[in-house]
Amino acid sequence: MADHKIWCGVCEATCGLVATVEDDRVTKIRPDDSHPNSEGFACPKGILYPAILEDPDRLTAPMQRQPVGTFTAVSWDVALDDIGRRLNGVIDATGRESVGVALGNPTGWNYGAFLFAFGMAAALKTKHFFTAGSVDINNYWVVGELLYGHNLVNPIPDFDRATFALIIGANPVVSHGSMATIGNIRHRMNGIVERGGRIVVVDPRRSETAGLYEHVPVRPDSDAWLLAAMLKVILDENLEDRAAIGQQTTGAHTLRALVADVDLDFAAEETGIDRTTIETLARDLAAADAAVVYGRAGASLSRFSTLTKYLLDVLGIVTGNLDRPGGMVFPQPFLDAEKFTKLMKLNGYDRWRTRVDGIPEVLGTSPLATLPREVLTPGKGQLRALVAVSTNMATTSPASGEMERALADLELFVSLDPYLTETSRLADYVLPPTMLLEREGFPLFGQLHYGVPNASWTDAIVTPRGDVRDDWRIFDDICRRIGLVPSPAPGAQLMGRLGIRLPPWVGVDLFMRVSPDGDLFGLRRRGISRKKLLRHDGAIKLHDRPATGVLRKKVHTKDKRVHLEHPVFTSEMARLHATPSADAEHPLRLFTIRELRSQNSWLHNVPKLMSGGRGCRLRIHPDDAAARGIEDGMAIAVASRWGRIEVEARVTDEVMPGSVGLNQHWGHKGGWKVAVAAGGGRYNDLVPNDSATLDVASGNAWLNGIGVEAVPIEVPVPADGAAVPA
Ligand SMILES: Nc1nc2c(c(=O)[nH]1)N[C@H]1C(S)=C(S)[C@@H](COP(=O)(O)OP(=O)(O)OC[C@H]3O[C@@H](n4cnc5c(=O)[nH]c(N)nc54)[C@H](O)[C@@H]3O)O[C@H]1N2
Ligand SMILES: Nc1nc2c(c(=O)[nH]1)N[C@H]1C(S)=C(S)[C@@H](COP(=O)(O)OP(=O)(O)OC[C@H]3O[C@@H](n4cnc5c(=O)[nH]c(N)nc54)[C@H](O)[C@@H]3O)O[C@H]1N2
Ligand code: SF4
Ligand SMILES: [Mo]
């Protein structure tokens, strides 16, 4: 029996855990009190993680689709040789550009998979590179590039020293933080209130976070109006911090014109927040000693997510809260991804546009929403083969049905996934990976945004089940068969041509050792290396907190200033003004609810996480329910212009009138039996993917604020989805 200090790679919080291993099995997991960032916090998902390793539905051999649609286990050689042959066939017929790569959320904690998927896309020089970023954070990558000169620049909230926190569309008490890896985040947020400060949560639902602090209900998909109105109040009343603006930015003189046409009364109507509250919020933010303006998924999945993220940052900047204690601070990762992507010339924006819809590329990727049309629209560059890793995009991307049709239409679809999911069940081959705790690695994504910068790299602590392989190795195996080296690095390409292929840690270690916290190959005694981290049990604290007063070092623009002006922001503001918000036939606005014991779509097969009466329920306000004859617990149909699902009603005043909240990613299909048995409806069947409804500047999907109508199930809903209230 032995204990190992590990890190949890289920969500962004990246908590430190202690795992007990007996007879090559993880028998117990508990929080690691000594972890510098998470400080003894952990949630049920991390604690119950070993159930995934032992799951009887987990795939432990490569699966080959049979003509009748069932799957048969085959050897790795049989699978890989056939995949190679078929990929070569597609490449010979229509070129490398007709092969695509897709990656999902869990690659954030699977650095080898991430690097090799990126590497394969780079080596193919394909524009068909899709990431979960386009249903999540592409707006961050665009605003990072335009404001700070690099996609990956993302200031995080310094909750420990803030006196005021404006939180827009985030529920950190449940999500445990996103784009900000603040350990034990609830405790740190409570600290603000304990010090006499305030936290204001803007959310259509009295979420677990909003319930703890001050709650301002907002209509989904209207945050841009709220933030623009607040900016207008601050500028009109001369409440901005002129000194900070003068030191840190260029283009501030354009802000007044940008929000000149914003009418506060109209903004109040659109947001459902009265004008006085908007004005007071703006004044309070400007007057606060040290404030954070933090938004997340709820603010990123609207039709105007680039504009929303821009305005969030601008509000922090003009009130003098960027790069200062208690404000929004620049993180200090031990692996500097900004530098790495710059070296490899990967970062950028709008260097090309997607073939069918003309959406700007972001970090060299195309949006998932456009994938179906890239597959189904003939012509040069049509997508015909796809290798996907850890993505359940048939469920997690907009217009699920269309995504399924497109995936089924591919000449070859290969999915690297531990389960037969809604997505992988459509693949020609499903290739089973090693999972966390069965492979070595470091928390690639978490380390980018640590509140307390720290470093860890852990070894596998148990032998992988069955005949599984590391994802990166599967990519390498596939690439060998089509003559590619899966790397963007010229050095790796050269070595590949000489027959030398390196595992992912070699390059990462090299890069880490020459980074500011690295050991410079022994020259810096306290510096880190992979070897040192592997030898250390647990994480090494690198700094107490990210440094402030570092803006000139952190911003990548030539003049080392934040660029507040860009034509994209102006045109997005014009698009906001021009877009009608109401949909009379579908008057309810649908938004997403994340659950404590889910991680997106993929933990619904763990019986212990699914216990306790969980279900897929539409939260609807008592007034809206009464108007439709809906009672708590009733089966109801929810229809939008684009689709219809059936779920259970939950009548509750936790949602504001006119808005309805639904859990994401239920209604499973495939081979994960517990998940399928849980039933429910699939949110993204209600969601459009056409280019007109996206956040066109970033390609981010429109997932929150969709117009829907809900009726008791007895009432027939017409096939065109236009439901009539009972
Ligand atoms: N337990 C758990 N943790 C998770 C995940 C999970 O599935 N379960 N997923 C992980 C992932 S991938 C991510 S990206 C993060 C997300 O992290 P968060 O963004 O903190 O998490 P959400 O729960 O999506 O919070 C979004 C909030 O926005 C609200 N909202 C919805 N639409 C709108 C809107 O239009 N405007 C405003 N102002 N609010 C709106 C919702 O009611 C919700 O409370 O969580 C991560 N952590
Ligand atoms: N309506 C609506 N839709 C949303 C959102 C929303 O708020 N509302 N949120 C969006 C967000 S923020 C995100 S991040 C996306 C997430 O979208 P996805 O990334 O598609 O979703 P996950 O459920 O995280 O999918 C993970 C898949 O990876 C597999 N997996 C887990 N670990 C490994 C591994 O180590 N190796 C391999 N090869 N596979 C693994 C799982 O079995 C699962 O099938 O969903 C988005 N979709
Ligand atoms: S909060 Fe996230 S990282 Fe922490 S234990 Fe839970 S799932 Fe793991
Ligand atoms: Mo996400």
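This one's a predicted model, so the numbers in the text were calculated from it and none came from an experiment.

S.K.: What is the right way to read the overall build of the chain from this model?
M.R.: Within the chain one finds 27 helices and 28 strands. For 726 residues, the compact-globule formula gives about 27 Å, and the C-alpha radius of gyration of the chain, at 25 Å, lands near that figure. By its C-alpha atoms, the chain is 70 × 65 × 55 Å across when sized along the principal axes. Within the chain, buried positions represent 64% of all 726 residues. Of the contacts made within the chain by residues no fewer than 6 positions apart, 75% connect residues no fewer than 24 positions apart. Per element, the accessible surface of the chain, about 25600 Å² overall, is 53% carbon and sulfur.

S.K.: What exactly am I supposed to notice about the domain arrangement of the chain here?
M.R.: Interfaces are often sized by the accessible area lost when the parts come together. As far as domains go, the chain holds domain 1 (2-47), domain 2 (63-136 + 336-441 + 472-512), domain 3 (154-332 + 550-554) and domain 4 (582-712). Computed over C-alpha atoms, the centres of domain 1 and domain 3 are 33 Å apart. Taken together, both faces of the contact between domain 1 and domain 3 bury some 840 Å²; the carbon and sulfur share is 44%. Three residues stand out in domain 1 for area buried against domain 3, namely Glu12, Asn37 and Phe41, and they jointly supply 59% of the buried area on that side. Residue composition of the side of domain 1 that touches domain 3, by class: five nonpolar, three polar and three charged.

S.K.: Mind showing me how you'd approach the sheet that holds strand S3 (residues 25-31) here?
M.R.: Strand pairing within a sheet occurs via backbone hydrogen bonds; the two strands may be parallel or antiparallel. In spatial order, the strands read S1-S2-S3; together these three strands make up an open sheet with antiparallel pairing. With partners counted over all chains shown, the strands left at the sheet margins are strand S1 (2-7) and S3, one partner each. Looking at each pair of strands side by side, their axes are set apart by 30° on average, direction ignored. The pairing of S1 with strand S2 (residues 16-22) spans six bridges and is antiparallel. For Trp7, the partnering residue across the bridge sits in S2 and is Gly16.

S.K.: Sorry if this is basic, but what is going on with the layout of surface pockets here?
M.R.: One simple way to see leftover space: roll a probe sized like a water molecule over the atoms. Considering only enclosed or pocket space, the second largest pocket measures out at about 560 Å³ in volume. Within the residue set of the lining of the second largest pocket, elements represented by two or more residues are helix H15 (337-343) and helix H23 (551-554). Ranked by residue count, the leading element in the lining of the second largest pocket is H15, at four residues. Broken down by class, the residue content of the lining of the second largest pocket amounts to eleven nonpolar, five polar and eight charged. Among the domains, domain 2 (63-136 + 336-441 + 472-512) and domain 3 (154-332 + 550-554) are the pair contributing at least three residues each to the lining of the second largest pocket.

S.K.: Help me understand helix H7 (residues 185-194) in this model?
M.R.: Each α-helix turn comprises 3.6 residues. Residues three or four places apart therefore point the same way. Burial in H7 covers these residues: Ile185, Arg188, Met189, Gly191 and Ile192. An end-on view of H7 places all buried positions within 140° of arc, on one side of the element. Against strand S9 (164-168), helix H6 (172-175) and strand S10 (198-202) lie the buried residues of H7. Two residues or fewer past H7, Gly196 is found with a positive phi of approximately 95°.

S.K.: Just checking my understanding: could you explain the environment of Glu208 for this structure?
M.R.: Along the chain, the position of Glu208 falls in the loop between S10 and strand S11 (214-216). By relative accessible area, Glu208 is classed as partly exposed at 33%. Along the primary structure Glu208 and Val174 are separated by 34 residues, whereas in three dimensions their C-alpha atoms are 6.8 Å apart. The residues contacting Glu208, other than those within four sequence positions of it, are Asn171, Val173 and Val174. Separated by 2.8 Å, the side chains of Glu208 and Asn171 make a polar contact.

S.K.: Would you take a moment to explain a nonpolar patch on the surface for this structure?
M.R.: A cluster of nonpolar residues, Leu494, Leu498, Ile500, Leu502 and Val506, forms a patch on the protein surface that exposes about 450 Å² of accessible area. Tracing the backbone through its elements, the reader meets Leu502 in the loop between helix H20 (490-497) and helix H21 (504-513).

S.K.: Is there a simple way to think about the site of ligand 1 in this case?
M.R.: In the vicinity of ligand 1 lie 32 residues, with Ser175, Asp203, Asp223, Arg594 and Ser598 positioned nearest. For ligand 1, a nitrogen atom lies 3.0 Å from a polar atom in the side chain of Lys45. A distance of 2.9 Å is found between an oxygen atom of ligand 1 and a backbone nitrogen or oxygen belonging to Ala297. Burial of ligand 1 by the protein chains amounts to 98% of its free accessible area of 910 Å². The set of elements that each furnish at least two residues to the shell around ligand 1 consists of H6, helix H13 (297-300) and strand S23 (588-593). The element that contributes the greatest number of residues to the shell around ligand 1 is H6, accounting for three residues. In terms of residue class, the shell around ligand 1 is built from eleven nonpolar, 13 polar and eight charged. Built from parts of two domains, the shell around ligand 1 gets at least three residues from each of domain 3 (154-332 + 550-554) and domain 4 (582-712).

S.K.: Looking at this structure, I do not really get the UniProt feature "domain: 4Fe-4S Mo/W bis-MGD-type" (unreviewed entry) in the chain. What am I missing?
M.R.: Under the UniProt annotation, "domain: 4Fe-4S Mo/W bis-MGD-type" (unreviewed entry) lies at residues 1-57. The span residues 1-57 carries 16% helix and 35% strand; its end-to-end C-alpha distance comes to 27 Å.

S.K.: Explain the packing of aromatic side chains here, please?
M.R.: Two aromatic rings are characterised by how far apart their centres lie and by the angle between their planes. Throughout the structure, instances matching the rule amount to 16 aromatic pairs. Here the aromatic rings of Phe114 and Phe118 are separated by 5.3 Å at their centres, their planes lie at 45°, and the arrangement is tilted. With Phe114 and Phe118 both in helix H4 (residues 111-124), this residue pair falls four residues apart, about one helical turn. Classification of Phe118 as buried rests on a relative accessible area of 13%. Centroid distance Trp642 to Trp702: 6.0 Å. Interplanar angle 80°. Geometry classified as edge-to-face. Of the two residues, Trp642 is situated in the loop between strand S25 (635-639) and strand S26 (644-651) and Trp702 in the loop between helix H27 (673-677) and strand S28 (706-712); the sequence distance between them amounts to 60 residues. Residue classification places Trp642 among the partly exposed positions, given a relative accessible area of 36%.

S.K.: Would you mind going over the packing of H4 against helix H19 (residues 471-481) with me for this structure?
M.R.: The angle between the axes and the distance between the axes are what describe a pair of packed helices. For the pair H4 and H19, the least separation of the axes is 7 Å and the interaxial angle reads 25°. As judged from the angle between their axes, H4 and H19 are roughly parallel. The segment H4 lies against H19, with Gly112, Ala113, Phe116, Ala117 and Met120 engaging Asp471, Trp472, Phe475, Asp476, Ile478 and Cys479. In terms of residue class, the contact of H4 with H19 is made up of eight nonpolar, one polar and two charged.

S.K.: Sorry, what's going on with the sheet that holds strand S7 (residues 129-131) here?
M.R.: Taken together, seven strands build an open sheet; the order of strands is S5-S4-S19-S18-S17-S6-S7 and the sheet is mixed. Looking at which strands have only one partner, the edges of the open sheet turn out to be strand S5 (71-73) and S7. The sheet shows a mean angle of 20° between the axes of neighbouring strands, direction not considered. Pairing analysis gives three bridges linking strand S4 (residues 63-65) to S5, with the strands arranged antiparallel. Bridge pairing links Met63 to Ala73 in S5.

S.K.: What exactly am I supposed to notice about the pairing of S3 here?
M.R.: Consecutive residues of a regular strand have side chains that alternate between opposite faces of the sheet. Bridging between S2 and S3 involves six bridges; their strand directions are antiparallel. Across the sheet, the residue bridging to Leu17 is Pro31, located in S3.

Conventions adopted
- Residues numbered from 1 in each chain as written.
- Chains lettered and ligands numbered in written order.
- Predicted model: local features only at pLDDT ≥ 70, side-chain atom pairs only at ≥ 80, totals over all residues.
- Heavy atoms only, no water.
- Helix = DSSP H or I, 4+ residues; strand = E, 2+ residues; numbered from the N terminus.
- Rg over C-alpha atoms; globule rule 2.2 N^0.38 Å.
- Buried < 20%, exposed > 50% of the residue type's maximum accessible area, 1.4 Å probe, protein only.
- Contact = heavy atoms within 4.5 Å.
- Areas by Shrake-Rupley, 256 points an atom, 1.4 Å probe, with all protein chains shown as cover.
- Domains from an automatic or database assignment.
- Buried area = accessible area lost by both parts, 1.4 Å probe.
- Nonpolar A, V, L, I, M, F, W, Y, C, P; charged D, E, K, R; others polar.
- Pairing = 2+ DSSP bridges.
- Axes fitted to C-alpha atoms, helices over the stretch in contact; angles between N-to-C directions.
- 1 Å grid on protein atoms, 1.4 Å probe; cavity = no way out; pocket = protein on both sides within 12 Å on 5 of 7 lines; lining within 4 Å.
- Points joined across faces, edges and corners; volume = space filled by probe spheres on them.
- Arc of directions from axis to C-beta.
- Polar contact = N/O pair within 3.5 Å; in protein donor to acceptor, adjacent residues only side chain to side chain.
- Patch = residues over 30% accessible without salt bridge, like charges linked within 9 Å, V, L, I, M, F, W, Y side chains within 5 Å.
- Salt bridge = Lys/Arg side-chain N within 4 Å of Asp/Glu carboxyl O.
- Near = heavy atom within 4 Å.
- UniProt positions renumbered as here; feature names shortened; annotations may be inferred.
- Phe/Tyr/Trp six-rings, centres within 6.5 Å; stacked < 30°, edge-to-face > 60°.
- Parallel < 35°, antiparallel > 145°, perpendicular 65-115°, else oblique.

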